[in-house]
Amino acid sequence: MAQIIRWGIASAGKISEDFVIALSTLPASDHKVQAVAARTLDRAQDFAKKHEIPSAYGSYAELAKSKDVDVVYIGVLNPQHYEVSLLMLNSGKHVLCEKPLAMNKKQVEGILAAAKANKRFFMEAVWSRFFPAYQRVRELTSSGQLGEVKEVVVNFGFPLANVDRLQKRELGGGVVYDLGVYTIQVSQWAFQEKPQKIESSGTTNAEGIDDDVSSTLTYSGGRTARMRFSSKVKLDNTAVIKGTKGQVTLIDFWSPNKLIDIDGKEKEWLPPKGKYPTNYGNSEAMRYEAEAVRQSIIAGDVENKNVTYADSLLFAEIQDTIRKQIGVLNKYDEE
């Protein structure tokens, strides 16, 4: 049996391009980008020409019908994740969909129901969890070397006032979706249980979209994750996981090539560079999640242990709660 996985790419945007560049750092005998689809054919054709992709389509429906594609990477805008995920799953494709998976928990439930009904592999692209640094954190927590995890302190902020997809309601904007998903997932990675209490406060922009949020998640035994995420200011962008026997710090925690280990020493893992420079920093490291998807599909698994269906449901539930607490609802919440 061939072990090669044939990818289709849904959207010809910057994040999709970075994913294709990341795939170029993996063996061509394992991963092949077979097709790309965009909302217009010329965009898909330009993308295909640059990245030497055999097929280009001017609609996602055409990509869904392609017989040459095993798994689809979905890099469309946040509000389109739901419909494009359903389209691909119901067409029998395996799916890796960018985070945040959907606009609320109800939509996530709909996507996961389609994945189960079609018996296809499905995963939310929480790439952070596949980095060697995250695997090291898991090793420290599961082996007991950190002791009992008592606190996570995580900050994620950049001045992003000019980035439309974060600031505009119709593009699915808001820091809860774009940055909060990262701070939530790292807290869950450390605690491995559902928070018992969530308390949030935040500010909104002129469109009523969240742009700076602080939230405390309280877990069993009064243990806490304290997080702040902002599109107004640059923060330290670290996640500190504190246990009874020591602590570990993820530097640039959403895509950490480095961590400060329990012994106080810095450890570093660098991914190889791709054929082209990436649009966003360190995107070559999407290679880790891509290879994990391949391994899962080859094994016949429908989910991956690092980002399970249950994880995605809980991320969405926590996001919904935070949005509600700061008074940011959207049209999808009313449907």
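The rules we used
- Residues numbered from 1 in each chain as written.
- Predicted model: local features only at pLDDT ≥ 70, side-chain atom pairs only at ≥ 80, totals over all residues.
- Heavy atoms only, no water.
- UniProt positions renumbered as here; feature names shortened; annotations may be inferred.
- Helix = DSSP H or I, 4+ residues; strand = E, 2+ residues; numbered from the N terminus.
- Rg over C-alpha atoms; globule rule 2.2 N^0.38 Å.
- Buried < 20%, exposed > 50% of the residue type's maximum accessible area, 1.4 Å probe, protein only.
- Contact = heavy atoms within 4.5 Å.
- Areas by Shrake-Rupley, 256 points an atom, 1.4 Å probe, with all protein chains shown as cover.
- Pairing = 2+ DSSP bridges.
- Axes fitted to C-alpha atoms, helices over the stretch in contact; angles between N-to-C directions.
- Core = buried A, V, L, I, M, F, W, Y, C linked by side-chain atoms within 4.5 Å.
- Domains from an automatic or database assignment.
- 1 Å grid on protein atoms, 1.4 Å probe; cavity = no way out; pocket = protein on both sides within 12 Å on 5 of 7 lines; lining within 4 Å.
- Points joined across faces, edges and corners; volume = space filled by probe spheres on them.
- Nonpolar A, V, L, I, M, F, W, Y, C, P; charged D, E, K, R; others polar.

As recorded in an unreviewed UniProt entry, the protein goes by the name Trans-1,2-dihydrobenzene-1,2-diol dehydrogenase, listed as coming from Drosophila guanche. Taken from UniProt, the Sequence similarities (unreviewed entry) comment for the protein reads in full: "Belongs to the Gfo/Idh/MocA family."

*Asks:* Outline the overall build of the protein, listing residues and values.
*Replies:* Counting its regular elements, the protein contains 11 helices and 14 strands. For the protein, the C-alpha radius of gyration of 19 Å lies close to 20 Å, the compact-globule estimate for 335 residues. Each principal axis of the C-alpha distribution contributes one length, and for the protein these read about 50 × 45 × 40 Å. Expressed as a percentage of its 335 residues, the buried residues of the protein come to 57%. Long-range pairs, those at least 24 residues apart, make up 68% of the contacts in the protein between residues at least 6 apart in sequence. As displayed, the protein offers around 13800 Å² of accessible surface, 50% of which is attributable to carbon and sulfur atoms.

*Asks:* Describe the sheet that holds strand β13 (residues 258-260), listing the residues and the values that go with them.
*Replies:* In spatial order, the strands read β8-β9-β10-β7-β11-β12-β13-β14; together these 8 strands make up an open sheet with mixed pairing. Every other strand in the sheet has two partners, leaving β8 (197-204) and β14 (266-268) as the edge strands with one partner each. For this sheet, the mean angle separating the axes of adjacent strands, direction not counted, is 10°. Sitting on the sheet, helix α6 (residues 132-142) is in contact with β7 (149-157), β11 (238-243), β12 (246-251), β13 and β14, with an inclination near 170° to β12.

*Asks:* Provide a residue-level description of the nonpolar core, including the pertinent values.
*Replies:* Counting 75 residues, the largest nonpolar core has Trp-7, Phe-19, Ile-241, Leu-250 and Phe-253 as its most contacted members. Take this core: its biggest share by element is 10 residues, from helix α8 (residues 175-191). Structurally, this core is a two-domain feature, drawing no fewer than three residues from each of domain 1 (5-127) and domain 2 (132-268 + 305-326). Leaving out residues up to four positions away in the same chain, Phe-19 has contacts with Trp-7, Ile-9, Tyr-73, Leu-96, Met-286, Glu-289 and Ala-290. In terms of nonpolar packing, the next biggest core, distinct from the first, is built from 27 residues, Val-84, Met-88, Val-108 and Tyr-309 among them.

*Asks:* If you had to explain the pairing of β8 to someone new, which residues and values would you point to?
*Replies:* Where β8 meets strand β9 (residues 210-218), 8 bridges bridge the pair, whose relative direction is antiparallel. Within the sheet, the bridge partner assigned to Ile-198 lies in β9 and is Leu-217. A loop of 5 residues connects β8 with β9, the two strands running antiparallel in sequence, and Gly-208 in this loop sits at a positive phi of about 80°.

*Asks:* So what's going on with the layout of surface pockets? Residues and values would help.
*Replies:* Empty space within the largest pocket amounts to approximately 1100 Å³. As for the largest pocket, its lining consists of 39 residues, of which Ile-15, Arg-165, Leu-166, Asp-178 and Tyr-280 are closest to the centre. Looking at the lining of the largest pocket, the elements that each hand over two or more residues are α1 (14-23), α7 (164-167) and α8. The biggest single contributor to the lining of the largest pocket is α8, with 5 residues.

*Asks:* Give a detailed account of empty space enclosed by the protein, specifying residues and quantitative values.
*Replies:* One pass over the full model with this rule turns up 1 cavity of 30 Å³ or more. By volume, the largest cavity amounts to about 40 Å³. Lining the largest cavity are Pro-100, Leu-101, Ala-102, Val-108, Glu-124, Ser-312, Phe-315, Ala-316 and Gln-319. The dominant element in the lining of the largest cavity, judged by the number of residues it contributes, is helix α10 (residues 309-326), at 4 residues. Tallied by class, the residues present in the lining of the largest cavity amount to 6 nonpolar, 2 polar and 1 charged. When residues of the lining of the largest cavity are sorted by domain, at least three fall in each of domain 1 (5-127) and domain 2 (132-268 + 305-326).

*Asks:* Please set out the sheet that holds strand β2 (residues 31-37) residue by residue, giving values where relevant.
*Replies:* The strand order across the open sheet formed by 6 strands is β3-β2-β1-β4-β5-β6, and the pairing between neighbours is parallel. At either end of the open sheet lies a strand with only one pairing partner, and these are β3 (55-57) and β6 (122-124). Taking each pair of neighbouring strands and ignoring which way they run, the sheet shows an average axis angle of 20°. Note that β2 and β3 share 3 bridges and pair parallel. Among the inter-strand pairings, Ala-37 is bridged to a residue of β3, identified as Tyr-57. Against the sheet, helix α2 (residues 41-51) makes contact with β2 and β3, and its axis sits at roughly 160° relative to β3, the strand it touches most.

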